[in-house]
Amino acid sequence: MYGANYDVRSLQLRILNILLALHKVCQEHDLKYYVVAGTLLGAIRHEGFIPWDDDLDVGMPRDDYEQFIAHAHEWMPEPFEFVCYETDRQYPLPFAKLQDASTTLIERVHLKYLGGIYIDVFPLDGMTDNPLLQRIHFIRYEFYKQVLYLVCRDPYKHGRGVSSWIPLFCRKVFSLDGVQRVMRKLQRQYDIQSSPYIVDHDFGLRGVLPKSIYGVGKPVTFEHSMVIGPDNPNEYLTCIYGADFMTPPPPHKIHQHLFHYLDLENPYKSYPYQSK
């Protein structure tokens, strides 16, 4: 279906299966992960999905993330696939997705990476405790994050005039592979084992948190199942969303992805075009 006319609950239940499959594999192979961001907020505030939410987020410490990249193809049952830059050089994001290959999803018409419905899997890395070095780090990271977007998106999203010049220039100066390599180097700049802080780069400076917040991880209820969250979920949510995180936002601040194309019945590999 095109546009945003899809049943959110049906989508939620399908992506819940992906999370539970990830949880099972992580338990079997002693990998650490945490539900984070809006998924953790939903777990604490609603004991499941935020009612209007249409995605799930997990974070994995770098060593576990790398192990998962290396072995997901053998550990994950069908129809689940782990996709990231390390496994697909056309992948347009600085973090991974665990997707259901029996479905089809195009998130944005101008960013036509073809795959299935998914959960986001963010690498968790180390970070210095020096505020100045943190800011310098994120100035560089956010620059390359924007370049990555411009390299991957349709340069004519806003027409063929002046608005197309910057993305076209970025395509001439930067390659997808080169930008991804720089971003991986930046993500790994500080070793997580020896660093005082853990960072989820997707949140910028807000994502720089003391290791004690994540800890070893503890069970949290999500849609009548047990998954793993940080040791201090309330402290995590306060840092990310503010002290009033238990208060739902007003209606005008509620947003969904508004996916361009969604098909829960047919695999993305049978879709008429292949973007990869």
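Residues numbered from 1 in each chain as written. Predicted model: local features only at pLDDT ≥ 70, side-chain atom pairs only at ≥ 80, totals over all residues. Heavy atoms only, no water.

Chemist: Before we move on, can you summarise a nonpolar patch on the surface with the specific residues and values?
Modeler: Where nonpolar side chains cluster on the molecular surface, the patch consists of Leu-132, Leu-133 and Ile-136 and spans about 270 Å² of accessible area. Assignment of secondary structure puts Leu-132 in helix α4 (residues 131-152). With relative accessibility at 57%, the residue Leu-132 sits in the exposed group. (Patch = residues over 30% accessible without salt bridge, like charges linked within 9 Å, V, L, I, M, F, W, Y side chains within 5 Å. Areas by Shrake-Rupley, 256 points an atom, 1.4 Å probe, with all protein chains shown as cover. Salt bridge = Lys/Arg side-chain N within 4 Å of Asp/Glu carboxyl O. Helix = DSSP H or I, 4+ residues; strand = E, 2+ residues; numbered from the N terminus. Buried < 20%, exposed > 50% of the residue type's maximum accessible area, 1.4 Å probe, protein only.)

Chemist: Report on empty space enclosed by the protein, specifying residues and quantitative values.
Modeler: Using a probe with the size of a water molecule, rolled over the atoms, empty space left in the structure can be pinpointed. Counted by the stated rule, this structure contains two cavities of 30 Å³ or more. In this structure, the largest cavity encloses a volume near 50 Å³. Leu-11, Ile-15, Asp-54, Asp-55, Leu-105, Ile-117, Tyr-118, Phe-259 and Leu-262 together form the lining of the largest cavity. The class makeup of the residues in the lining of the largest cavity is seven nonpolar, no polar and two charged. (1 Å grid on protein atoms, 1.4 Å probe; cavity = no way out; pocket = protein on both sides within 12 Å on 5 of 7 lines; lining within 4 Å. Points joined across faces, edges and corners; volume = space filled by probe spheres on them. Nonpolar A, V, L, I, M, F, W, Y, C, P; charged D, E, K, R; others polar.)

Chemist: Residue-level account of the environment of His-73, with values.
Modeler: Among the secondary structure elements, His-73 is positioned in helix α3 (residues 62-75). Between the alpha carbons of His-73 and Pro-250 there is a distance of 42 Å; along the sequence they are 177 residues apart. In terms of polar contacts, His-73 uses its side chain to reach the backbone carbonyl oxygen of Ala-70, at 3.4 Å. (Polar contact = N/O pair within 3.5 Å; in protein donor to acceptor, adjacent residues only side chain to side chain.)

Chemist: Help me get a handle on α4, residues and values and all.
Modeler: The terminal C-alpha atoms of α4, which comprises 22 residues, lie 31 Å apart, in line with the 32 Å expected from a rise of 1.5 Å per residue. For α4, the set of buried residues is Gln-134, His-137, Phe-138, Tyr-141, Tyr-144, Val-147, Leu-148, Leu-150, Val-151 and Cys-152. Here the buried face of α4 lies against β6 (118-127), α5 (165-173), α6 (176-187), β7 (197-199) and β8 (208-210). The N-capping residue of α4, defined by a side-chain oxygen 2.9 Å from the backbone nitrogen of Leu-132, is Asn-130. (Expected span 1.5 Å × (residues − 1). Contact = heavy atoms within 4.5 Å.)

Chemist: I'd like a rundown of α6, residues and numbers included.
Modeler: The terminal C-alpha atoms of α6 lie 16 Å apart, and with twelve residues this matches the ideal 16 Å at 1.5 Å per residue to within 8%. Buried residues of α6: Leu-176, Val-179, Gln-180, Met-183, Arg-184, Leu-186 and Gln-187, and no others. With its buried residues spanning 160 degrees around the axis, α6 presents them on a single face. Looking at the buried side of α6, the elements it contacts are α3, β6 and α4. (Arc of directions from axis to C-beta.)

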